[in-house]
Amino acid sequence: MSLTYAPDAFSLNPNGTPSVGMLLQDRSYETGAPIGVKGRQRGNSTQKDGFVTMQFGLSFNLSSYRCPTN
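Residues numbered from 1 in each chain as written. Predicted model: local features only at pLDDT ≥ 70, side-chain atom pairs only at ≥ 80, totals over all residues. Heavy atoms only, no water.

### Here's the deal with the overall build of the protein
Next up, step 1: Within the protein one finds 1 helix and 0 strands.
Next up, step 2: Within the protein, contacts between residues separated by at least 24 positions form 46% of all contacts whose residues are at least 6 apart in sequence. (Helix = DSSP H or I, 4+ residues; strand = E, 2+ residues; numbered from the N terminus. Contact = heavy atoms within 4.5 Å.)

### What to know about the side chain of Ser19
Next up, step 1: Counting through the fold element by element, Ser19 comes out in the segment before α1 (20–24).
Next up, step 2: Residue Ser19 is classed as buried on the basis of its relative accessible area, which comes to 11%.
Next up, step 3: At a separation of 3.0 Å, a polar atom in the side chain of Ser19 contacts the main-chain carbonyl oxygen of Ser11.
Next up, step 4: Residue contacts for Ser19: discarding those within four places in its chain leaves Phe10, Ser11 and Asn13. (Buried < 20%, exposed > 50% of the residue type's maximum accessible area, 1.4 Å probe, protein only. Polar contact = N/O pair within 3.5 Å; in protein donor to acceptor, adjacent residues only side chain to side chain.)

### Notes on the environment of Leu23
Next up, step 1: Here Leu23 is to be found in helix α1.
Next up, step 2: Apart from residues no more than four positions distant in its own chain, Leu23 is found in contact with Pro18 and Tyr29.

### Describing the environment of Pro18
Next up, step 1: On the secondary structure map, Pro18 appears in the segment before α1.
Next up, step 2: Contact partners of Pro18, with chain neighbours within four places excluded, come to Leu12, Asn13 and Leu23.

### Comments concerning a nonpolar patch on the surface
Next up, step 1: Residues Val20, Leu23, Leu24 and Tyr29 make up a contiguous nonpolar surface patch of about 380 Å² in total accessible area.
Next up, step 2: With respect to the helices, strands and loops of the structure, Leu24 is situated in helix α1. (Patch = residues over 30% accessible without salt bridge, like charges linked within 9 Å, V, L, I, M, F, W, Y side chains within 5 Å. Areas by Shrake-Rupley, 256 points an atom, 1.4 Å probe, with all protein chains shown as cover. Salt bridge = Lys/Arg side-chain N within 4 Å of Asp/Glu carboxyl O.)

Shown next as structure tokens:
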């Protein structure tokens, strides 16, 4: 559901620096002026979107180990 932008949804860190959530909620500042304006609608609820994450892993050992003898 597309609702309005709420930049104050993420609080600052205890030392006053921006939290990770605050930095990631609107990354448009990386390309220029931020486009997130408090109260402005973000997204369009009539256009559905999706997100998929997939991860594969492969691990193998190239050397052999022998237990030490007593």
